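Observations on chain architecture
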Amino acid sequence: MRVLKVELEGTMTSFRHPYLLVGRQPSFPLPPPATLNGHIASVLGEYPDPASFRFAFAFTHLASVDDYEHTWNIERDDRKPRKGRAAPNITASLSPTLRELLFRPRLTLYIDTPELESWHAAFRSPAFPVALGRSQDLASYTSVQIIEVQRAEAGYLEHTLLPWAFRTHVTDGQGILMPRHIQPENRQQMTWARYVALMGRVLTPFPDELAGGRPSGGGSLTYGLPEDYDLWVDPFTPEARGRAGRRRALVWHTLTGPDSEGVRLGA
Amino acid sequence: MTHTTTTQTDRQAAALGLHWTHHPIMDMAIAGMTVFAGKEHPEDVTASDISAFKTWALQYYFTPELTSWIAVVFTINFLNTTFSDEKKRAVLVGVIDAYQHPNGLPVPCAFFPELPAQQRVSRDLFPMLMGRGPMNFFPDGQPGVPLSGLAITALQGLAVAAPLVSGKAMVVAADDERALMALVIRWQGKLKQRANDSYLLSEKGQGWTSPKTRVIEGLREPLRALADAPVAQGGQFQRLRGGLTVHHLSNSGQGPDVRIFPLSHPALAFLQTAEQRHSAAWNALVARSTWAARKGKDPVDGQSVGIYEDLFLLPDRASSFLKRHLKPPFDAVLKPTAAADSAAVTARKTKGRTVSPAPPRPPVQLAQLWALTSTFLKEIVAMDKARLEALSTVGDELATWIADEEDMGLFRKLYEARRPATLRAVLLSASLERVKRDLPPFLTLERYQDLFMEGEERARADFYLSRDLLKMRLIERLHADERKPLVRNKAALEDIDVPTPDLTETAEGDE
């Protein structure tokens, strides 16, 4: 299968929790799908049809740090206009807010779309400045290519989101609720989804390593994989230590599909 | 006298429509309401349950205990201090009865999207949002999150779910709702008791501290109880799914903040197995941990327990955890005073805290502790069973040799070996002695490489873990040996270099 593989590097990024706004704004450890959709839209210059692609990714950062961010809190100004002056519109006050920043982000994004060639061209010449996270979190692409991913019997999952169906299959990873998709034409309409945020690496077992549904080979093996999981690996990633043949497995996500992670929540 | 039978249909008809949303703050509140109602599932909470909660709230929300809790969770604007008592009660009734009022906004509720929203709320009704005016961070410049009346009512469940610990509220997100419900059941009992005491005495109770300790302590009993629950499909006992994430937050206008601490599934699984299958060894370890409390804080819920705190560092700091908590009882066999020394060091170094009396220390059976250590290796380190068995076998063979030969020199060299090269030299030399007597070596080159090496020249990343395990096994076997070699040769080990674990810091800084 041919897919687009994009490698991005930045200096800082931050993925804010939607409802943690005052005092300190912690970051999700991995980019939410809605953020990645926005990123792709900034490359294309328009929001893609959410059903037109699926994506997988690996995201790492070197360290995290809290820093103050100057937030201008904007409110409606309902005061009556002064004589001879324009009617007030908004008022703004400065509020320093602690924000958790992720240092040296690295994103490898895989995109599976029928528009492979045109999206490849778009990533080589993005419509808007390349940024990941906040608008000031500028980044750059170090590689944009079309690669052939391969089916495999086993691989490793690392630094990515797993659909919630993986929760009973993998012991590592933090359960997390994230924005999955925000309707561009009505941003009040938002879907959320539950994921397992995997910050390390787990090996998926070879078929002969599974005995009675439990791993027998030791290491961070998962308890098998969900039945409908179709294992594709990136052949250009390093092999895992130990038994030969394990490379980075791709976990595909969609924004609208009937994935296990779909949770109905509003804006 | 007539009896009414509540049927499934009646329950459904009376139910409000609460359900889990998977949002940490909302689910914590829903758990509070569900436990208050004495129900197991949010779907079973009824209007009469909310009515009972309202009665409780009208009695206790105005106590010093709840007044200060409200200032942290819903800000002082919720029940403004300038309001008259009557107005405060009216505001409270309005909020708790919100589910009865029409939902008139043309947008869905953020948490119960099957309902329209009733109003856009800000931080006085939903913690950690902005105030009523600012439009930042909201779509289309419309301040606030649209919530249905049901969501607004449900959020008051935080009052009977999320205790203040070190001045911030505990909001826990659990992958398995049973863990959340278990915590809330435990905490709600205490919260209601505190509210009642405050009502009677017109004062606030002593503060709780140490959020991580509070979570582990709250989980211990429920985890033990799960062992008695019906056997889960395919499992020997019911396992909790996934881990949990603690949101330690303050919405206070004086200093809002949020810190997030995940407790991993391996750590939770280890705790569960320790409680259910190795309770004697686990209790002994807990009793040997540091117990510290700040002056003026709650004598029970103001305690910080070192081993509980360190569970939050797993699995990343497994090696340090083992060295700090599991290994010292083995070392203590060699030098019983080391444990006392360590406690003295702890007392000196624990700044701003008093070392409080730990529970009585039950004796540690090393064989039981080795079994607990094996569980740790399985759950936390995911150590290959074959590798653990190989390490045990080498330890057993070395112990047999040392006991047979009374070779305390070899024991000392093994025990004091710190670096890979030193340990390798000791094992090589001991194996040579064996070979000279026509006996197989303790370790073949291949096995040594499997256990300690990464390739041919580099020590494994977990070398120190393997080294410590070997020492622990060795001591355990020698201690169990009927000939009592460690006791009989006590004099030869008098000046052996037993490390003193520093228990004052969390398990950071591997070798």
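Scoring rules and cut-offs
- Residues numbered from 1 in each chain as written.
- Chains lettered and ligands numbered in written order.
- Predicted model: local features only at pLDDT ≥ 70, side-chain atom pairs only at ≥ 80, totals over all residues.
- Heavy atoms only, no water.
- Pairing = 2+ DSSP bridges.
- Helix = DSSP H or I, 4+ residues; strand = E, 2+ residues; numbered from the N terminus.
- Contact = heavy atoms within 4.5 Å.
- Axes fitted to C-alpha atoms, helices over the stretch in contact; angles between N-to-C directions.
- Expected span 1.5 Å × (residues − 1).
- Buried < 20%, exposed > 50% of the residue type's maximum accessible area, 1.4 Å probe, protein only.
- Polar contact = N/O pair within 3.5 Å; in protein donor to acceptor, adjacent residues only side chain to side chain.
- pLDDT = per-residue confidence, 0-100.
- Core = buried A, V, L, I, M, F, W, Y, C linked by side-chain atoms within 4.5 Å.
- Parallel < 35°, antiparallel > 145°, perpendicular 65-115°, else oblique.
- Left-handed = near helix turned anticlockwise from the far one by under 90°.
- Nonpolar A, V, L, I, M, F, W, Y, C, P; charged D, E, K, R; others polar.

- For chain B, an unreviewed UniProt entry supplies the name CRISPR-associated protein Cst1 and the organism Deinococcus aquiradiocola.

A short note on the sheet that holds strand β3 (residues 164–165) of chain B
All names here are of chain B.
- Spatially, β3-β4-β5-β6 is the arrangement adopted by the four strands of the open sheet, whose pairing is antiparallel. Of all the strands in the sheet, the pair left with one neighbour each is β3 and β6 (257–263).
- By the bridge criterion, six bridges tie strand β4 (residues 168–174) to strand β5 (residues 244–250) in an arrangement that is antiparallel. Across the sheet, M170 pairs through a bridge with H248, a residue of β5.
- Packing against the sheet, helix α2 (residues 24–36) makes contact with β4 and β5, and its axis sits at approximately 95 degrees to β4.

Let's talk about helix α1 (residues 33–44) of chain A
Residues and elements named next belong to chain A.
- With twelve residues, α1 ought to run about 16 Å at 1.5 Å a step, and its terminal C-alpha atoms sit 17 Å apart, in line with that.
- With respect to burial, α1 is a largely interior element, nine of its twelve residues being buried.
- Of the positions making up α1, those classed as buried are P33, A34, L36, N37, H39, I40, A41, S42 and V43.
- Immediately downstream of α1, the backbone of G45 shows phi near 90 degrees, a positive value.

Here's the deal with the side chain of H325 of chain B
All names here are of chain B.
- Here H325 shows up in helix α12 (residues 318–326).
- Of the polar contacts made by the side chain of H325, one reaches the side chain of D310; its length is 2.7 Å.
- With sequence-adjacent residues up to four places away left out, H325 is seen in contact with L285, S289, G306, I307 and D310.

Regarding the sheet that holds strand β8 (residues 139–148) of chain A
All names here are of chain A.
- With antiparallel pairing, the four strands of this open sheet are ordered in space as β4-β7-β1-β8. Of all strands in the sheet, those bounded by a partner on one side alone are β4 (54–60) and β8. Adjacent strand axes in the sheet meet at a mean angle of 15 degrees when their direction is disregarded.
- Examined bridge by bridge, strand β1 (residues 2–10) and β8 share nine bridges and lie antiparallel to one another. Residue pairing for β8: L4 is matched across the bridge by I146.

Considering the confidence of the model for chain A
- Averaged over every residue, the pLDDT of chain A is 89; residues scoring 70 or more account for 92%.
- Here residues 262–267 of chain A is modelled with pLDDT under 50, and outside its nearest four sequence neighbours on either side it reaches 30 contacts, counting other chains as well.

Focus on the nonpolar core
- Grouped together as the largest cluster of nonpolar side chains are 157 residues, with contacts concentrated most on Y61 and F411 of chain B.
- Beyond its immediate stretch of four places on either side in the chain, F411 of chain B contacts L334, I402, L474, I475, L478, L486, L493 and I496 of chain B.

Remarks on the packing of helix α17 (residues 408–416) of chain B against helix α18 (residues 420–436) of chain B
Residue and element names in this part refer to chain B.
- Taken N-terminus to C-terminus, the directions of α17 and α18 make an angle of 155 degrees; their axes are 9 Å apart at the nearest point. Relative to α18, the element α17 is oriented roughly antiparallel. Between α17 and α18 lies a crossing of left-handed hand. Between α17 and α18, the contacting residues are L410, K413 and L414 on the first element and L423, V426, L427 and A430 on the second.
- Within the contact of α17 with α18, the residues separate by chemical class into six nonpolar, no polar and one charged.

Brief notes about the confidence of the model for chain B
Residue and element names in this part refer to chain B.
- Across chain B, the average pLDDT comes to 87, with 88% of residues at or above 70.
- Every residue in residues 504–511 is under pLDDT 50, and counting partners more than four places away or in other chains gives 25 contacts.
- Interface scoring of the predicted complex returns ipTM 0.92; its pTM is 0.90.

Details of the environment of D85 of chain B
- Note on placement: D85 of chain B falls in helix α5 (residues 85–96).
- In sequence terms D85 of chain B and F62 of chain B are 23 residues apart; their C-alpha atoms lie 8.9 Å from each other.

Observations concerning unusual backbone geometry
- The omega torsion of the bond from L314 of chain B to P315 of chain B falls at 5 degrees, within 30 degrees of zero and hence cis.
- In this model, R104 of chain A sits at a positive phi of 50 degrees, which is unusual for a non-glycine residue.
- Positionally, R104 of chain A belongs in the loop between β6 (90–103) and β7 (106–112).
- We note that H22 of chain B has phi near 75 degrees; this positive angle belongs to a residue other than glycine.
- By the element assignment, H22 of chain B lies in the loop between α1 (8–14) and α2.
- Assessed through its relative accessible area of 22%, H22 of chain B is described here as partly exposed.

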